[in-house]
Amino acid sequence: MVSDPSIILEADHLTRRFGRVTAVDDVSFQIRRGEIVGMLGPNGAGKTTTLRMIAGFLCPTAGDARIAGRSVTDDPLGARRRLGYLPEHAALYPDMRAGEYLRFRAALKGVPRARIAARVDEAAELCGVRPVLRRLIGELSKGYRQRVALADALVHEPELLVLDEPTLGLDPNQIRQARDLIRSLAERHTVLISSHILPEIEMTCHRVLILHRGRLLAEGPVPELAAQIHRRRRIMMQVRAPRDELLREVTRLAGGGNVVVEPLPEDWMEVRIEARAGDDPRPELAALAARRGWPLRELRREELSLEQVFLALTGADPRGVAR
Amino acid sequence: MNGGLPLLRRELNACLLSPTAYLVAALFLLVAGAGFWVAVASLAAQPDGSVGLVELSAWMFLLTIAAAAPLLTMRLFAEEYRSGTFETLMTAPVRPAAVVFAKYAAALLWYLAMLAPTLLWGPILSAVAALPPPTDPAAIAGAYVGAILIGAWCLALGLFASAVMRSQVAAGLLAVALIAGWLFAGWVPFLWPLRHGDRLGTWLSPVVHLADWSRGIFDSRAAVVYLVNTTLALFATDRVLEWRRWR
C-alpha cells in the first residue's frame, strides 16, 4: 500500500482481544511527521495495549498499524527499525553499565559499528545521562534509569518515538525534568506519548487522542479540546460573609451562571459558580471580597478530573460511554 | 542473523557475571571427577571388570547433566519476563529466532567450557598415578561427541522450559521433568514387554547411546536423533516467543 509520506503512523482499525475481553476496540488514527500527539485515558483505557501493538510486542487481533508505511504485522522488523519505544515500566539489565547497555542496544537496532559511539554519545547528551555512562544500571536512581531507557529509544535515530507513561513513578522534580526533556525531543522527533494525567498532555502535546474503555472517544488539537473541556468551568470560593448579601452580589458577577451558596462551620460560606464559556469572574470576586472587607480563604477554578473530561466531552455518564 | 552477535555477546557477559554458572561448573566438575575417580579405582582393582562400569559412568554423567542443564538455562527467558526486559528485547528489530539462537549459543558455549577441563584428566592421571592415560582415541572422541550431543539436547529442553514458564523455579522444575521423562523413556520398552521391546529400548535409551559412543562405537542414527530433537526444541522455543505476542 502506498501511503502519504507525511504520515508517520497510521493505526487502522486496531483491535485487540484477550480472551473475551476487548482491550482495544477498532481504534484508527494518523500521526503526521513533526507532530507531538498525546494519548489520554484513565488506567485500563487500552493505551498500553494500543502502544504495544504499534511497537510489535503484541499482535493485533484485527486491524493493522503502519510506521512510515511499514506494516507492524507484515514487515515487523522494518516497522520496528523506524520506531523508538519506551515501555511503561522501562526495564533495563541491572548488571550492565549504562554506556555498555546503550552500545548494546545500538548494535541490536542495526546502527553501523562506526556510528555507534557517536550515536550513544549524542543520545546520552540529549537525555543527560553522560555523567552516569560508566555506572552500573542497578545502582542508578529511577529518574536516571528512565533517562537511560529514553536514550535507548533514541539511539538509532528513529522516525517515530512512542513513550508509554514516561513520567510514571518519578518524583515531582524528576517529572518536571522529564517533561522538559520530552519537549526538547519534540523539536526533532515525531512523538506519541501516553498519559493518564490531563495537564501533562496539555503542557506537551499539539494534538490529543482520548481513549476510554478501548475506544477512541475524541481527537483534536489540544486548545480546541481544552476549550471544549473548559466550556463549563466551575469556580469555588470560601468567604466569611452574610449569606443573602453574598448570593446577591455573586449572582450579579456570575453573568447568568448558576450560583450555589452553602454555609460552612464558623460563618464561612462556600460559593460554587458554573461560569459560562470564556467567563472567568475570579478577579471580580476577589475585588468584591476586598471591597466589602469579607475575609477570603479560598478562590480557585476546579480542575476537571479525567472522568469529568469524559462527561464534558460526551455529555454522558462515562461508565456508559464505551458500550 | 540480524542482531544475533550483539545478543550473543550480551548473553555471554551475563553468564560470566552469574555466580550460578560458576557454581554449576564447579559442581559438575566435582561430580564428574568423582565418577572418573571411581571408574579408575575400580578398574585398577579389577582390570577386567569393565562390564557395567561404562553404563554406570554413563548414568552418572546423565544425572549430572540432568541437574546442570536446568540450572544453566532456567533464568534465560524467565528472568527477562520477571524483570520486564522481555518487552524491550522483543520490540527491538530482531527476530525471536535471533534471541533464541543467542541465548542457546551462550549456554552451549558455557557448557563446552565446563567440559574442557576434563580433557586434562588423562594427563593428570598419568602424572599422579604413573598409569598410562586412556589412549583409545575413538573411545575418547566418542565419549566427548556423546557428551556434547546429549548436553546440547538437555540445554535445548531447559531453554524451552524457560520460555514457557514465567518464573525461574517453575522453569527449572519443568526442565527437570522433561529431562527425567526423556531419561526414563529409554527404560519403558525394557520394562513393558513388547515384541521388539529391547530393540526399541536400545534406540531410545541415552545410556545405551552414551555407553556405545564411549566404547568407540559410533552409531550415527542416535547422533541424528539428538541433532533433530535439539533443533525441534529450539524451533518450539521460537514458536513460544511468537505465541506470546498473540496470547
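Source: prediction; values computed, not measured.

### Let's talk about the overall build of chain A
Reasoning step 1: The secondary structure content of chain A amounts to eleven helices and 14 strands.
Reasoning step 2: By the burial criterion, 52% of the 323 residues in chain A qualify as buried.
Reasoning step 3: For chain A, long-range pairs separated by at least 24 residues make up 69% of all intrachain contacts whose partners lie at least 6 apart in sequence.
Reasoning step 4: For chain A, the accessible area works out to roughly 14800 Å², and carbon and sulfur atoms hold 48% of it.

### Overview of the overall build of chain B
Reasoning step 1: For chain B, the helix and strand inventory stands at 13 helices and zero strands.
Reasoning step 2: Ordering the α and β elements of chain B from the N terminus gives α-α-α-α-α-α-α-α-α-α-α-α-α.
Reasoning step 3: In terms of its C-alpha atoms, chain B occupies a principal-axis envelope of roughly 60 × 50 × 30 Å.
Reasoning step 4: Scored against the burial criterion, the 247 residues of chain B give a buried share of 45%.
Reasoning step 5: Counting contacts in chain B only where the partners sit at least 6 residues apart, residues at least 24 apart contribute 79% of the total.
Reasoning step 6: Put simply, chain B shows about 12100 Å² of open surface, and 74% of that area lies on carbon and sulfur atoms.

### A few points about the sheet that holds strand 10 (residues 215–221) of chain A
Residue and element names in this part refer to chain A.
Reasoning step 1: As summarised here, the arrangement of the six strands in space is 6-7-8-3-9-10, forming an open sheet in which the pairing is mixed. Each having just a single partner strand, strand 6 (83–86) and strand 10 make up the two edges of the open sheet. Mean inter-strand twist for the sheet, computed between neighbouring axes without regard to direction, equals 15°.
Reasoning step 2: One ladder, built from four bridges, connects strand 3 (residues 36–40) with strand 9 (residues 207–212); its direction is parallel. Bridge pairing in strand 9 places Leu40 opposite Ile210.
Reasoning step 3: On the sheet, helix 5 (residues 142–154) packs against strand 6 and strand 7 (160–164) and is oriented at approximately 165° with respect to strand 6.

### Concerning the domain arrangement of chain A
Reasoning step 1: Per the domain assignment, the segments making up chain A are domain 1 (7–228) and domain 2 (231–303).
Reasoning step 2: Just the C-alpha atoms count here: the centres of domain 1 of chain A and domain 2 of chain A sit 43 Å apart.

### Let's talk about the packing of aromatic side chains
Reasoning step 1: According to the stated counting rule, one finds 15 aromatic pairs over all chains in the structure shown.
Reasoning step 2: An aromatic cluster of three or more residues is present, and its members are Trp153(B), Trp182(B), Trp213(B), Phe218(B) and Tyr226(B).
Reasoning step 3: Above the plane of the ring of Tyr93(A) lies Arg10(B), whose end atom (NZ or CZ) is 3.7 Å from the centre.
Reasoning step 4: Between the NZ or CZ atom of Lys103(B) and the centre of the ring of Phe77(B), over which it lies, the distance is 5.3 Å.

### Some words on the interface of chain B and chain A
Reasoning step 1: Contacts between chain B and chain A engage 26 residues on the former and 27 residues on the latter.
Reasoning step 2: The tally of links between chain B and chain A comes to two salt bridges.
Reasoning step 3: Residue Arg52(A) pairs with Glu87(B) through a salt bridge whose shortest N-O separation is 2.9 Å.
Reasoning step 4: Elements supplying a minimum of two residues to the side of chain B that touches chain A: helix 1 (4–16), helix 4 (75–83), helix 5 (85–90) and helix 13 (220–246) of chain B.

### Side note on the pairing of strand 4 (residues 62–67) of chain A
Residue and element names in this part refer to chain A.
Reasoning step 1: Bridge analysis of strand 1 (residues 7–18) against strand 4 gives five bridges, and the strand direction is antiparallel. Bridged to Asp12 within strand 4 is Asp64.
Reasoning step 2: Of the pairings in the sheet, the one linking strand 4 to strand 5 (residues 70–71) comprises two bridges and is antiparallel in character. The residue of strand 5 that forms the bridge with Ile67 is Arg70.
Reasoning step 3: The turn joining strand 4 and strand 5, which pair antiparallel and follow one another in sequence, is formed by two residues; a positive phi near 45° is taken by Ala68.

### A word on the nonpolar core
Reasoning step 1: Phe29(A), Ile54(A), Leu192(A) and Ile150(B) are the most contacted members of the largest nonpolar core, which totals 136 residues.
Reasoning step 2: The biggest single contributor to this core is helix 6 (residues 96–115) of chain B, with twelve residues.
Reasoning step 3: Residues within four places of Leu192(A) in sequence aside, it is in contact with Leu9(A), Phe29(A), Ile31(A), Val37(A), Met39(A), Leu51(A), Ile54(A), Leu160(A), Leu161(A), Val162(A), Leu163(A) and Leu209(A).
Reasoning step 4: Listed in part, the 17 residues of the second largest apolar core include Met237(A), Leu246(A), Ala254(A) and Ala275(A).

### Quick notes on the pattern of salt bridges
Residue and element names in this part refer to chain B.
Reasoning step 1: Scanning all chains against the criterion turns up 31 salt bridges over all chains.
Reasoning step 2: Between Lys103 and Glu80 there is a salt bridge, and its shortest N-O distance comes to 2.8 Å. Placement of Lys103 in helix 6 and of Glu80 in helix 4 is noted, with a sequence separation of 23 residues between them.

### Regarding unusual backbone geometry
Both trends apply: most residues other than glycine have a negative phi, and most peptide bonds are in trans.
Reasoning step 1: Even without glycine at this site, Asp26(A) takes up a positive phi of about 55°.
Reasoning step 2: Mapped onto the elements, Asp26(A) comes out in strand 2 (residues 21–32).

### Examining the packing of helix 3 (residues 53–73) of chain B against helix 12 (residues 206–214) of chain B
All names here are of chain B.
Reasoning step 1: It is the contact of helix 3 with helix 12, at a shortest axis distance of 9 Å, that shows an interaxial angle of 120°. With respect to helix 12, the axis of helix 3 lies oblique. For the element pair helix 3 and helix 12, the recorded crossing hand is right-handed. Across from Val54, Glu55, Ala58, Trp59, Phe61 and Leu62 in helix 3, the residues of helix 12 making contact are Pro206, Val207, Leu210, Ala211 and Ser214.
Reasoning step 2: Residues belonging to the contact of helix 3 with helix 12 are distributed by class as follows: nine nonpolar, one polar and one charged.

### Digging into the environment of Thr15(A)
Residues and elements named next belong to chain A.
Reasoning step 1: Relative to the assigned elements, Thr15 resides in strand 1.
Reasoning step 2: Spatially, the C-alpha atoms of Thr15 and Leu161 are 21 Å apart, while their sequence positions differ by 146 residues.
Reasoning step 3: Sequence-distant contacts of Thr15, that is, excluding residues within four places in its chain, are made with Val24, Asp25, Asp26, Met53, Pro60, Thr61 and Ala62.
Reasoning step 4: Within the structure, Thr15 has its side chain in polar contact with the backbone nitrogen of Asp26 (distance 3.1 Å).

### Topic: a nonpolar patch on the surface
Residues and elements named next belong to chain B.
Reasoning step 1: Taken together, the side chains of Leu23, Leu27, Leu30, Val31, Leu56 and Met60 make up a nonpolar region of the molecular surface, amounting to roughly 560 Å² of accessible area.
Reasoning step 2: Going through the elements one at a time, helix 2 (19–45) and helix 3 are the ones with two or more residues in the nonpolar patch.
Reasoning step 3: Considering each element in turn, the nonpolar patch owes the most residues, four residues, to helix 2.
Reasoning step 4: As for its position among the elements, Met60 is in helix 3.

### A closer look at the confidence of the model for chain A
Reasoning step 1: Looking at chain A as a whole, the pLDDT averages 85, with 89% of positions reaching at least 70.
Reasoning step 2: Within the model, the stretch residues 317–323 of chain A combines pLDDT values under 50 with 16 contacts to residues more than four positions away or in other chains.

### Thoughts on the pairing of strand 6 of chain A
Moving residue by residue along a regular strand, the side chains alternate between the two faces of the sheet.
All names here are of chain A.
Reasoning step 1: What you see with strand 6 is no split at all: Leu83 and Tyr85 on one side and Gly84 and Leu86 on the other are buried throughout.
Reasoning step 2: Direction of pairing for strand 6 relative to strand 7: parallel, over a ladder of four bridges. In the sheet register, Tyr85 faces strand 7, and the bridge partner there is Val162.

### Some details on the packing of helix 2 of chain B against helix 6 of chain B
Residues and elements named next belong to chain B.
Reasoning step 1: Where helix 2 meets helix 6, the closest approach of the two axes is 10 Å, and the angle between their N-to-C directions is 40°. Once helix 2 is placed against helix 6, the crossing between them reads as right-handed. Residue-level contacts link Ala21, Tyr22, Val24, Ala25, Phe28 and Leu29 of helix 2 to Trp110, Tyr111, Met114 and Leu115 of helix 6.

Here is what the cut-offs are and how they apply
Residues numbered from 1 in each chain as written. Chains lettered and ligands numbered in written order. Predicted model: local features only at pLDDT ≥ 70, side-chain atom pairs only at ≥ 80, totals over all residues. Heavy atoms only, no water. Helix = DSSP H or I, 4+ residues; strand = E, 2+ residues; numbered from the N terminus. Buried < 20%, exposed > 50% of the residue type's maximum accessible area, 1.4 Å probe, protein only. Contact = heavy atoms within 4.5 Å. Areas by Shrake-Rupley, 256 points an atom, 1.4 Å probe, with all protein chains shown as cover. Pairing = 2+ DSSP bridges. Axes fitted to C-alpha atoms, helices over the stretch in contact; angles between N-to-C directions. Domains from an automatic or database assignment. Phe/Tyr/Trp six-rings, centres within 6.5 Å; stacked < 30°, edge-to-face > 60°. Lys NZ or Arg CZ within 6 Å of the ring centre and 35° of its normal. Salt bridge = Lys/Arg side-chain N within 4 Å of Asp/Glu carboxyl O. Core = buried A, V, L, I, M, F, W, Y, C linked by side-chain atoms within 4.5 Å. Parallel < 35°, antiparallel > 145°, perpendicular 65-115°, else oblique. Left-handed = near helix turned anticlockwise from the far one by under 90°. Nonpolar A, V, L, I, M, F, W, Y, C, P; charged D, E, K, R; others polar. Polar contact = N/O pair within 3.5 Å; in protein donor to acceptor, adjacent residues only side chain to side chain. Patch = residues over 30% accessible without salt bridge, like charges linked within 9 Å, V, L, I, M, F, W, Y side chains within 5 Å. pLDDT = per-residue confidence, 0-100.

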